[in-house]
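An overview of the molecular structure
In case you want the letters, here they are:
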Amino acid sequence: MEPRSGIHVSPSCSLSHWQQACNVWVKTINNLCISFRFSDAPWEYLERTNSAIIAGSLTQVGTLAMPETYVIRTGRHRQEDQRVDICSVISNTSSTTIELVECKLAEADGSKILRKIQSRMRAAFEQVNNIIGIHGLPISDLPNYIDVIRTGVVIGLPCFERDATKQTMESKIQEIIEWLQSSNVPDVTAWCFLEQYLTTPSKRYKRYYPGIFLVVKKT
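Residue positions within a chain follow its written sequence, with the count starting from 1. In view of the model being predicted, local features appear only for residues whose pLDDT reaches at least 70, and side-chain atom pairs are presented and counted only at 80 or more, with totals across whole chains, interfaces and linings using the full set of residues. The side-chain figures draw on all heavy atoms in the structure; neither hydrogens nor water molecules are used.

1. Thoughts on the overall build of the protein chain
As a reminder, the rule being used: The numbering of helices and of strands both runs from the N terminus, where a helix is a DSSP run of H or I of at least 4 residues and a strand a run of E of at least 2. Just to be clear, the radius of gyration here is over C-alpha atoms, and the globule rule we use is 2.2 Å times residues to the power 0.38.
When you go through the protein chain residue by residue, the secondary structure sums to 4 helices and 9 strands. Secondary structure elements in the protein chain, listed N-terminal to C-terminal, are β-α-α-β-β-β-α-β-β-β-α-β-β. Relative to the 2.2 N^0.38 estimate, which gives 17 Å for 219 residues, the radius of gyration of the protein chain is 18 Å and therefore close to what a compact globule would have. Along the longest, intermediate and shortest principal axes, the C-alpha atoms of the protein chain span 55 × 35 × 30 Å.

What follows is the structure, given as structure tokens:
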């Protein structure tokens, strides 16, 4: 049986800070669940909540991350409400890298979740690639020592109806984890599926949400 929590890094990954952040993210998710005594799963909340947890994990490893940062996008008449989910900053003595991160929630029946990942990543790429400015300043006007990279993150949220058996859910979760560990297309994947949620349906949604996973890919 594959480990219920962990991360996988592609051999070609150039996002070393995400490897560190995903390790923190797994620990954070575990600790949140323990703190709520497994009565409330943090991943049941909004995409914005989950992206804020991701931003906090990035900050903990030294990559300063700001959720909900104002940006300028192409093809938008109104720019006042345009935001990117996370804007992170990686600095050293000679250069600064700004990373724009668009997160998308992929919620689907457990048997369909992996098929939905690709379409949600396309949506993340589309939104993060049409950004041409940050806080009212065009990217083209940034100093030469500042580099801008763009990353898509899909937050996978498999769900199961109340009549699903524990055995069915366990089997599907193992299939998802195997895919997360074997796929070299994303830069980093991370997952957290806790035993307690296989027998504890969501009080809010009356379904099982046994865990969460991340798929991270640089554009």
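Resuming the write-up.
2. So, the nonpolar core
Operational definition: In these notes, a set of buried Ala, Val, Leu, Ile, Met, Phe, Trp, Tyr and Cys residues joined through side-chain atoms within 4.5 Å is what counts as a nonpolar core. Relative accessible area decides the class of each residue, using a 1.4 Å probe on protein chains only: under 20% of the type maximum gives buried, over 50% gives exposed, and in between gives partly exposed. Any two residues whose heavy atoms approach within 4.5 Å are treated as being in contact.
Core analysis: the largest hydrophobic core is formed by 33 residues, its most contacted members being Trp 18, Trp 25, Trp 43, Ile 54, Ile 86, Val 153 and Ile 155. Going through the elements one at a time, α1 (16–35), α2 (47–60), β4 (96–109), β7 (146–159), β8 (188–193) and β9 (211–218) are the ones with two or more residues in this core. In this structure, Trp 43 is in contact with Ile 29, Cys 33, Asn 50, Leu 157, Tyr 197, Tyr 209, Pro 210, Gly 211 and Ile 212, ignoring residues within four places of it in sequence. Listed in part, the 19 residues of the second largest apolar core include Ala 106, Ile 176, Trp 191 and Phe 193.

All quantities given are derived from atomic positions and should not be read as evidence of function.
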